[in-house]
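Residues per chain are reported as follows:
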Amino acid sequence: MKLPLAVALGVLLGFGILTSHAQEPVVRDAAVLARQSLMQEAKAALGLLSNMSGHSLRFDKKAARRAKRQLSSTLRRIPRHFDAPHMDDHSRALPRIWQDKAGFDAAAARARRAARAIEPRSLPALRRSLPQAVSACLACHRSYRRPP
Ligand code: HEC
């Protein structure tokens, strides 16, 4: 009697553990999600400017100005989105960000300056000024983000 009960319990528990494991939701840290969505905003604004610059989207001064403003605003918010070392399994942030927060914030400031220097007044001006901003994104990613 004792043994079958123990076995039954074991099976139940084992099954319980397995199913609860299989159904475990992907645990996402809210602060990580927030900083990743900030980056997605930056990507969307930069994407619009790149598409105009590469002629896959018609140049539109007003839309370019708006995208520039949006890009500057997202870049300004980077430092405080990384103030605390929040992490989860889906983050590609490197620990170096918090070991060298001043260096990280300086990289964000460089990107912000490059975004401010984007010239949305004409297509040739946009094409001349955009590459700097793109390099500033990549420079920070190279130092502070784990490659995929
Ligand atoms: C000062 C550093 C820094 C700058 C500047 C920066 N990024 Fe990031 N970016 C990061 C870090 C760190 C991550 C990884 C965040 C994570 O996974 O927790 C990241 C992640 C991303 C992601 C992936 C987000 C996701 O959904 O997982 C995109 C897209 C992105 N950045 C776009 C950009 C673009 C576009 C720019 C420039 C306009 C830019 N970033 C500028 C540091 C930076």
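Residues numbered from 1 in each chain as written. Predicted model: local features only at pLDDT ≥ 70, side-chain atom pairs only at ≥ 80, totals over all residues. Heavy atoms only, no water.

1. So, the overall build of the protein
- The helix and strand inventory of the protein stands at seven helices and zero strands.
- Listed N to C, the secondary structure of the protein is α-α-α-α-α-α-α in terms of helices and strands.
- In the protein, which comprises 148 residues, the proportion classed as buried is 31%.
- Pairs at least 24 apart in sequence give 71% of the contacts found in the protein among residues at least 6 apart.
- Of the roughly 9800 Å² of accessible surface on the protein, 61% is carried by carbon and sulfur atoms. (Helix = DSSP H or I, 4+ residues; strand = E, 2+ residues; numbered from the N terminus. Buried < 20%, exposed > 50% of the residue type's maximum accessible area, 1.4 Å probe, protein only. Contact = heavy atoms within 4.5 Å. Areas by Shrake-Rupley, 256 points an atom, 1.4 Å probe, with all protein chains shown as cover.)

2. Examining the nonpolar core
- With 30 residues, the main nonpolar core has L49, L71, I78, F104, I118 and L126 as its most contacted residues.
- Of all the elements in the fold, those that place two or more residues in this core are α2 (30–53), α3 (61–76), α6 (101–116) and α7 (123–144).
- Other than its neighbours up to four places away in sequence, L71 contacts A42, A45, L46, L49, A115 and I118. (Core = buried A, V, L, I, M, F, W, Y, C linked by side-chain atoms within 4.5 Å.)

3. Here's the deal with unusual backbone geometry
- Positive phi values are uncommon outside glycine, yet H55 reaches one of about 70 degrees.
- Inspection of the secondary structure puts H55 in the loop between α2 and α3.
- With a relative accessible area of 52%, H55 lands in the exposed category.

4. Quick look at the site of the ligand
- Of all residues adjacent to the ligand, which total 25 residues, the nearest are M39, S91, C137, C140 and H141.
- Q40 is positioned with one of its side-chain polar atoms (N or O) 2.7 Å from an oxygen atom of the ligand.
- Taken atom by atom, the bulk of the ligand overlaps the largest pocket.
- Where the shell around the ligand is concerned, the elements lending two or more residues are α2, α3, α6 and α7.
- With eight residues, α2 is the single largest residue contributor to the shell around the ligand.
- Partitioning the shell around the ligand into residue classes produces 17 nonpolar, four polar and four charged. (Near = heavy atom within 4 Å. Polar contact = N/O pair within 3.5 Å; in protein donor to acceptor, adjacent residues only side chain to side chain. 1 Å grid on protein atoms, 1.4 Å probe; cavity = no way out; pocket = protein on both sides within 12 Å on 5 of 7 lines; lining within 4 Å. Sits in = over half its atoms within 2 Å of the grid points. Nonpolar A, V, L, I, M, F, W, Y, C, P; charged D, E, K, R; others polar.)

5. What about the coordination of the iron atom of the ligand?
- Donor atoms from the polypeptide that bind the iron atom of the ligand are M39 (SD) and H141 (NE2), placed at 2.1 to 2.4 Å.
- For the iron atom of the ligand, the six donor atoms in the first shell make angles of 87 to 178 degrees at the metal, so the coordination geometry reads as octahedral. Highlighted residues: M39 in helix α2 and H141 in helix α7, separated in sequence by 102 residues.
- For M39, a relative accessible area of 29% gives the class partly exposed. (Donors = N, O, S within 2.8 Å, 3.2 Å for Na, K, Ca; no water. Tetrahedral: all angles 85-135°; square planar, octahedral: opposite > 155°, others 65-115°.)

So far we have only geometry, and geometry alone does not tell us how the molecule works.
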